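Observations on chain architecture
Letter by letter, the chains look like this.
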Amino acid sequence: MNLIFLGPPGAGKGTISAIAKDVFSIPHISTGDLFRANIKNETELGKKVKEILASGNLVPDEITIEMVRLRLGEEDAEKGYILDGFPRTIAQADALASMSKVDYVVNFCLDRDTILKRLSGRRVCKSTGRTYHILYNPPKVEGIDDETGEELIQRDDDKPEAILNRLDVYEKSTAPLIDYYKNKGLIVDIDASLSPEDIVENLKKVLR
């Protein structure tokens, strides 16, 4: 089964993918992971990406497409895949269509209030990177890391104004993709406000 996961920041795509890949026995392929793996392994594409990111530019479509093409050619992706973070543009969607047949495009739906609650509640320990959530995973003492006793911080990109900006960017860039796949009859809407386990159960029902 070949799946694409779409969803706004805070929809929990990474968490859901980690469960779904085992349920469906297919790999979770994230473009962020692909970039990191290619950079770490010092592949030709990885060297190019490292240079581009170091200069503060966006990785061009053709490099991302080539990385995905090579990854989909690996043995573990023969029975299917979950693509997360790709395609991001119509050009990438067209390129994917030429190399693989997509079965479903899962659109994880979540309202803005819930997204803000999820993302703005995150707190981080600066020295260890350990993360907490003021509602879902609070520290034992409010505002203090359980192990180091340091004060927890809220990252700039977890502040409400930054989150709203990310949502605007996501909606503008993804709206054309949703229409693109709706026209092909491939979109499946899934409520992302439930627990990850319930979401995966709903996914199993819809896809089977």
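Structure report, in brief. Please read these numbers as outputs of a predicted model, since none were measured by experiment.

Before going further, it helps to spend a moment on the overall build of the protein. What the protein contains, in helices and strands, is 8 helices and 7 strands. Scaling as 2.2 N^0.38, a compact globule of 208 residues should have a C-alpha radius of gyration of about 17 Å, and the protein matches this with 18 Å. Oriented by its inertia axes, the alpha-carbon framework of the protein measures out at about 55 × 40 × 30 Å. Contacts spanning at least 24 positions in sequence make up 67% of the contacts within the protein whose residues lie at least 6 apart. Total accessible area on the protein is roughly 11,700 Å²; 50% of this is exposed by carbon and sulfur atoms. Between the averaged position of the 29 positive side-chain charges in the protein and that of its 35 negative side-chain charges there is a distance of 1 Å.

So, on to helix α8 (residues 196-207). Residues that lie three or four places apart on an α-helix share one face, since the helix turns once every 3.6 residues. The terminal C-alpha atoms of α8 lie 16 Å apart, and with 12 residues this matches the ideal 16 Å at 1.5 Å per residue to within 8%. Against the buried residues of α8 lie β1 (2-6), α1 (13-24), β4 (104-109) and β7 (187-191).

Let us look at α1. Between the first and last C-alpha of α1 there are 15 Å, a value that for 12 residues agrees with the 16 Å anticipated at 1.5 Å per step. The inward-facing, buried residues of α1 contact β1, β2 (28-30), β3 (81-84), β4 and α8. Remark: Ser25 follows α1 within two positions and exhibits a positive phi of approximately 55°.

Taken in spatial order, the 5 strands make up an open sheet running β2-β3-β1-β4-β7, and their pairing is parallel. Among the strands making up the open sheet, the edge pair consists of β2 and β7. Between one strand axis and the next, the sheet turns by 25° as a mean value, whatever way the strands run. For β2 and β3, the ladder comprises 3 bridges, and the chain directions are parallel. Along β3, the bridge assignment pairs Ser30 with Asp84. Contacts from α1 reach β1, β2, β3 and β4, with the element oriented near 170° to β3.

Looking at chain direction, β1 and β4 are connected through 4 bridges and run parallel. Across the sheet, the residue bridging to Ile4 is Val105, located in β4. Direction of pairing for β4 relative to β7: parallel, over a ladder of 5 bridges. Counted as the bridge partner of Val105 is Ile187 from β7.

Mapping Leu194 onto the fold places it in the loop between β7 and α8. Measuring from C-alpha to C-alpha, the distance between Leu194 and Lys48 comes to 40 Å, with 146 residues separating the pair along the chain. Non-local contacts of Leu194, meaning those with residues more than four positions away in its chain, are made with Arg118, Ile199 and Asn202.

Rules used in this analysis
- Residues numbered from 1 in each chain as written.
- Predicted model: local features only at pLDDT ≥ 70, side-chain atom pairs only at ≥ 80, totals over all residues.
- Heavy atoms only, no water.
- Helix = DSSP H or I, 4+ residues; strand = E, 2+ residues; numbered from the N terminus.
- Rg over C-alpha atoms; globule rule 2.2 N^0.38 Å.
- Contact = heavy atoms within 4.5 Å.
- Areas by Shrake-Rupley, 256 points an atom, 1.4 Å probe, with all protein chains shown as cover.
- Lys, Arg positive; Asp, Glu negative; His and termini not counted.
- Charge placed at Lys NZ, Arg CZ, Asp CG, Glu CD.
- Expected span 1.5 Å × (residues − 1).
- Pairing = 2+ DSSP bridges.
- Axes fitted to C-alpha atoms, helices over the stretch in contact; angles between N-to-C directions.

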